[in-house]
Amino acid sequence: MSPFLTYLSSLRGLFSSMASSSLTSSSNTTNATPKAINFIIGNQAGDLDSCVSSLTLSYLLSLTPTSTLQIPILPFPLPSGLKIRPDTSTLLQSYSIDPNWLLSPSDMKSYVESNPNLTYTLTLVDHNSCDLHPLTDPTFTMLSNNVHSIYDHHKDLGHHLTLPGIRDIRVPTGSCASIILSNSLSPQ
C-alpha cells in the first residue's frame, strides 16, 4: 500500500481515538499525541477539485511532524454523497480508496462537540469564504472564526485577510489542486 493510501486508511482511527499511534509516511513518523486538529474542507459543491485538494493537502501537511493533526473533510455525507458525484466516486474507486476511510461534516461536528478542549482550525480549499458554505450549524460557525489557511482559484471575496498560515488565492488558475502542488514544490 502506498504511503498516501496508508495515511488515508488510518484517518478515521486516528481521528476517533486521538491515539499516539503514528502517521506513517515515506519520510517520517509522527508519534506525538495531537494537541490540535486542522480540518481541511473544500467548497460546498464537493466537486473533484475540492475533494482531491482536501485529501492531497492533508497528506502533504502530515509529512511534516507537528502536534496538529491534519484531517480532510469531504463536504457532503459519506458514503451517500458520492452517489451524486460520480467523478469523485470513480477516482476513489480507481485508486482503491475506501469511502469509509474518509470523514464528513457530521464526523467533524460530533468530534468537536465531544472534545471541546482541543484547538481546532480550518483550512479552506477551492473556496475562500466560510460565508458561502452550507454548513451553518454552530460547530462550523465557531470554526469559521479559526481559518488557518486558504488555497483557492476563485475570485477573492476579501474575507479572512490575515491568517496564521498560507493565503494563496490565484485567479486565473485552472484548479485548486494545481495551487497546492505548486506550494508543495516551492522551497519554503
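I will try to describe carefully the structure that is included in this document. For clarity, every value in this text was computed on a predicted model and none was experimentally measured.

Per the secondary structure count, the protein includes 6 helices and 7 strands. Mapped in sequence order, the helices and strands of the protein form the string α-β-β-β-α-β-α-α-β-α-β-β-α. When each of the 188 residues of the protein is scored for burial, the buried share is 45%. When contacts within the protein are restricted to residue pairs at least 6 apart in sequence, those whose partners lie at least 24 apart make up 67%. By element, 57% of the accessible surface of the protein is carried by carbon and sulfur atoms, the whole surface being about 8,900 Å².

The N-to-C vectors of helix α2 (residues 48-62) and helix α6 (residues 176-185) enclose an angle of 20°; their axes lie 8 Å apart at closest approach. On the basis of their axis angle, the class for α2 and α6 is roughly parallel. α6 is crossed by α2, and the crossing has left-handed handedness. In this structure, α2 contributes Asp 49, Val 52, Ser 53, Thr 56, Leu 57 and Leu 60 to the contact, and α6 contributes Cys 176, Ala 177, Ile 180 and Ser 184. For the contact of α2 with α6, the residue count by class is 6 nonpolar, 3 polar and 1 charged.

A few words now on the nonpolar core. Grouped together as the largest cluster of nonpolar side chains are 35 residues, with contacts concentrated most on Leu 8, Ile 37, Phe 39, Ile 71, Leu 102 and Leu 122. Considering every element that reaches this core, the biggest residue donor is helix α1 (residues 3-17), with 5 residues. Of all hydrophobic cores here, the second largest spans 7 residues; its members include Val 125, Tyr 151, Ile 179 and Ile 180.

Topologically, Val 147 is positioned in strand β6 (residues 147-152). Looking at Val 147, the relative accessible area reads 7%, which means it is buried. It is 9.4 Å that separates the C-alpha atoms of Val 147 and Ser 129, two residues lying 18 residues apart in sequence. Look past the residues within four positions of Val 147 in its chain and what remains in contact with it is Leu 122, Leu 124, Cys 130, His 160, Leu 163 and Pro 164.

Okay, the packing of α2 against helix α3 (residues 86-94) next. Running from N to C, α2 and α3 cross one another at 40°; their axes reach a closest spacing of 8 Å. By the angle class used here, α2 and α3 are oblique. Seen from α2, the contacting residues are Leu 48, Cys 51, Val 52 and Leu 55; seen from α3, they are Asp 87, Thr 88, Leu 91 and Leu 92.

Here we take up the pattern of salt bridges. Side chains that carry opposite charge are capable of pairing whenever their charged atoms lie near each other. Evaluated as defined, the whole model comprises 4 salt bridges. Between Arg 12 and Asp 107 there is a salt bridge, and its shortest N-O distance comes to 3.2 Å. Of this pair, Arg 12 sits in helix α1 while Asp 107 sits in helix α4 (residues 105-114), placing them 95 residues apart in sequence. The class for Arg 12 is partly exposed, based on a relative accessible area of 29%. In this structure, Asp 156 and Arg 167 form a salt bridge, with 2.9 Å as the shortest nitrogen-oxygen distance. With a gap of 11 residues between them, Asp 156 in the loop between β6 and β7 (167-169) and Arg 167 in strand β7 connect regions that are remote in the sequence. Asp 156 gets classed as partly exposed once you look at its relative accessible area, which sits at 33%.

So, how was this worked out
- Residues numbered from 1 in each chain as written.
- Predicted model: local features only at pLDDT ≥ 70, side-chain atom pairs only at ≥ 80, totals over all residues.
- Heavy atoms only, no water.
- Helix = DSSP H or I, 4+ residues; strand = E, 2+ residues; numbered from the N terminus.
- Buried < 20%, exposed > 50% of the residue type's maximum accessible area, 1.4 Å probe, protein only.
- Contact = heavy atoms within 4.5 Å.
- Areas by Shrake-Rupley, 256 points an atom, 1.4 Å probe, with all protein chains shown as cover.
- Axes fitted to C-alpha atoms, helices over the stretch in contact; angles between N-to-C directions.
- Parallel < 35°, antiparallel > 145°, perpendicular 65-115°, else oblique.
- Left-handed = near helix turned anticlockwise from the far one by under 90°.
- Nonpolar A, V, L, I, M, F, W, Y, C, P; charged D, E, K, R; others polar.
- Core = buried A, V, L, I, M, F, W, Y, C linked by side-chain atoms within 4.5 Å.
- Salt bridge = Lys/Arg side-chain N within 4 Å of Asp/Glu carboxyl O.

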